[in-house]
Amino acid sequence: MPESLSRQRRKPGGAGMRGKHRVIIYTKRLRFDFELRRNITIIRGDSATGKTTLVDMVREYTDNPSGSPVTLVCDKPCYVLSGALWKEQLFGMKEGIVFIDEGNEFVWSDDFARLIRQTDNYYVIVSREGLPSLPYSVEEIYGIRLSGRYGTLKQSYHEFYRIYGMDEKKMEVRPEKIVTEDSHSGYQFFKAVCDDYRLRCDSVNGKSNIFHYLNTHKDSKMLVIADGAAFGSEIDRVLHLIEDRENVALYLPESFEWLLLKSGILKKGEIARILAEPSDYIESREYFSWERFFTALLVEKSQDTYLKYSKGELNPAYLRETVKSQILSQMDRIIFEGAVPNDEKNKKC
């Protein structure tokens, strides 16, 4: 068995890209200061908000560090990737932060997605549209807010749980139907929950199918569950679609496996430490999306327990009432109602 995932955190200065990295870049008239914690960060927004200015400042510094009016402070090298020779440029960019301005059409290509999977960089991509070939998090989509001479990144979508157009802090969700992106263990779990309460549960078999499903099913009060760690490319069009539909709520945990780990059913303190600062443990080259890391972590930590996990087929132990209840308790403000749960009926008989 490979080294325990919880022990793979490298010491500062070691090879690879993981952890949080602060970027400070400034001139006499403008300053940007932000922190990156995942391998893909998306910057979006209208014209004249500072997106291109940021990339141009990085470019000016990297082209002429000693003679540029730009100062850049970061613990990792910063690069700008652009133009027809982007593949050749990418080959020389290692263990750094790569900035890509909008207008570079290669970011839409499967070729780009394939090649950056093989690198150990973090990527900051300016794009007003979703990039479907890349699995990036809803948490890592930012706009730039300028205040006087200071520029910072502001999250556009910053919570795992969001009800578009409603008060997220006060409203409870009482679904009549659950729709899952997952078609394997996650779907099997929520299908069992729905069966208990005599609710409907549908799987759309992939994040790109959620938009079509919502566009063709407008009747029932539904809760859509998807992996937030990879749903960034879909979030914008889905939110626009349901803007005026108060009968649709989104629940976007990092992944189903993250939800199981977060529930505490595996009573191991090291899991809590990892979940508190996952970026410290997730090597960008090995885990292109965080959801894959959480799956590997759950498989490893449950290996020798009655909760041994398999993504393809859900272990029935996860459907025991005490375990199931502990998992569902993590889903804040989501209330399951309907018929009396089967387990409760059995107790009364």
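This text goes with the structure placed above it.
The structure displayed is predicted, hence computed values, not measured ones.

Draft legend 1. Fine view of the pattern of salt bridges. Per the stated rule, a full pass over the model turns up 25 salt bridges. The partner of Glu-300 in a salt bridge is Lys-301, and the shortest N-O contact between them spans 3.1 Å. We classify Lys-301 as buried; its relative accessible area is 6%. What emerges from the salt-bridge pattern is a single network uniting Arg-37, Arg-38, Glu-139, Glu-140 and Glu-254.

Draft legend 2. Structural view of the packing of aromatic side chains. A complete count under the given rule lists 13 aromatic pairs for this structure. Note on Phe-34 and Phe-99: the rings are 6.5 Å apart at their centroids and 75° apart in plane angle, and the pair reads as edge-to-face. In this pair, Phe-34 sits in strand 2 (residues 31–36) while Phe-99 sits in strand 6 (residues 97–100), placing the two residues 65 residues apart along the sequence. Taking the centre distance of 6.3 Å and the plane angle of 85° together, the rings of Phe-112 and Tyr-123 count as edge-to-face. Of this pair, Phe-112 sits in helix 3 (residues 110–116) while Tyr-123 sits in strand 7 (residues 122–126), placing them 11 residues apart in sequence. Judged on exposure class, the residue Phe-112 and its partner Tyr-123 are both buried. Put simply, the rings of Trp-86, Phe-106, Phe-112 and Tyr-123 pair up and form one aromatic cluster. Lying over the aromatic face of Trp-290, Arg-38 brings its terminal NZ or CZ to 3.6 Å of the ring centre. Directly above the ring of Phe-91 sits Lys-94, whose terminal nitrogen or CZ lies 5.3 Å from the centroid.

Draft legend 3. Helix 9 (residues 290–302), seen in detail. In a regular helix each residue adds 1.5 Å, so 13 residues correspond to 18 Å; helix 9 covers 18 Å between its end C-alpha atoms and thus fits that length. Taken residue by residue, helix 9 has Trp-290, Glu-291, Phe-293, Phe-294, Thr-295, Leu-297, Leu-298, Glu-300, Lys-301 and Ser-302 as its buried positions. Buried residues along helix 9 sit against helix 7 (256–262) and helix 8 (269–276).

Draft legend 4. Fine view of the pairing of strand 2. Examined bridge by bridge, strand 1 (residues 21–26) and strand 2 share six bridges and lie antiparallel to one another. Opposite His-21, over in strand 2, you have Leu-36 as the bridge partner. The antiparallel hairpin formed by strand 1 and strand 2 contains four residues in its connecting segment.

Draft legend 5. Seen up close, the nonpolar core. With 42 residues, the main nonpolar core has Phe-190, Leu-223, Tyr-318 and Met-331 as its most contacted residues. Contributions of two or more residues to this core are made by helix 4 (185–197), strand 13 (222–225), strand 14 (248–251), helix 7, helix 8, helix 9 and helix 10 (321–328). Those residues in contact with Phe-190 that sit more than four places away from it in its chain are Ile-178, Thr-180, Cys-201, Ile-225, Phe-256, Leu-259, Leu-328 and Met-331. Counting 38 residues, the second largest nonpolar core, distinct from the first, contains Ile-42, Leu-90, Ile-141 and Phe-231.

Draft legend 6. Geometry of the side chain of Thr-295. Looking at where Thr-295 falls in the secondary structure, it is placed in helix 9. At a separation of 3.1 Å, a polar atom in the side chain of Thr-295 contacts the main-chain carbonyl oxygen of Glu-291. Apart from the residues lying within four places of it in its own chain, the contact partners of Thr-295 are Glu-257 and Lys-311.

Draft legend 7. Unusual backbone geometry, seen in detail. Positive phi values are uncommon outside glycine, yet Glu-95 reaches one of about 50°. The class for Glu-95 is partly exposed, based on a relative accessible area of 24%. Even without a glycine there, the phi angle at Arg-198 is positive, about 55°. You can call Arg-198 exposed: its relative accessible area is 57%.

Draft legend 8. Structural view of the packing of helix 8 against helix 9. Across the interface, helix 8 lies against helix 9 with an axial gap of 12 Å and an inter-helix angle of 175°. Looking at the two axes, helix 8 sits roughly antiparallel to helix 9. For the pair helix 8 and helix 9, contact is made by Glu-270, Ile-271, Ile-274 and Leu-275 and by Phe-293, Phe-294, Leu-297 and Lys-301, respectively. Each residue belonging to the contact of helix 8 with helix 9 can be placed in one class, and the counts come to six nonpolar, no polar and two charged.

Draft legend 9. View of the side chain of Ser-263. Inspection of the secondary structure assignment puts Ser-263 in the loop between helix 7 and helix 8. There is a polar contact of 3.4 Å between the side chain of Ser-263 and the backbone nitrogen of Ile-265. Ignoring anything within four residues of it in the chain, the contact list for Ser-263 reads Gln-326, Ile-327 and Gln-330.

Draft legend 10. Spatial organisation of the packing of helix 4 against helix 10. At a closest axis distance of 12 Å, the pairing of helix 4 and helix 10 adopts a crossing angle of 105°. With respect to each other, helix 4 and helix 10 are oriented roughly perpendicular. From helix 4, Phe-189, Phe-190, Val-193 and Asp-196 reach across to helix 10, where they touch Lys-324, Ile-327 and Leu-328. Grouping the amino acids of the contact of helix 4 with helix 10 by side-chain chemistry returns five nonpolar, no polar and two charged.

Draft legend 11. Layout of the environment of Asn-205. Residue placement: Asn-205 occurs in the loop between strand 12 (200–203) and helix 5 (210–216). With 24 residues separating them along the chain, Asn-205 and Glu-181 place their C-alpha atoms 5.5 Å apart. Apart from residues no more than four positions distant in its own chain, Asn-205 is found in contact with Thr-180, Glu-181 and Ser-183.

Parameters and conventions
- Residues numbered from 1 in each chain as written.
- Predicted model: local features only at pLDDT ≥ 70, side-chain atom pairs only at ≥ 80, totals over all residues.
- Heavy atoms only, no water.
- Salt bridge = Lys/Arg side-chain N within 4 Å of Asp/Glu carboxyl O.
- Buried < 20%, exposed > 50% of the residue type's maximum accessible area, 1.4 Å probe, protein only.
- Phe/Tyr/Trp six-rings, centres within 6.5 Å; stacked < 30°, edge-to-face > 60°.
- Helix = DSSP H or I, 4+ residues; strand = E, 2+ residues; numbered from the N terminus.
- Lys NZ or Arg CZ within 6 Å of the ring centre and 35° of its normal.
- Expected span 1.5 Å × (residues − 1).
- Contact = heavy atoms within 4.5 Å.
- Pairing = 2+ DSSP bridges.
- Core = buried A, V, L, I, M, F, W, Y, C linked by side-chain atoms within 4.5 Å.
- Polar contact = N/O pair within 3.5 Å; in protein donor to acceptor, adjacent residues only side chain to side chain.
- Axes fitted to C-alpha atoms, helices over the stretch in contact; angles between N-to-C directions.
- Parallel < 35°, antiparallel > 145°, perpendicular 65-115°, else oblique.
- Nonpolar A, V, L, I, M, F, W, Y, C, P; charged D, E, K, R; others polar.

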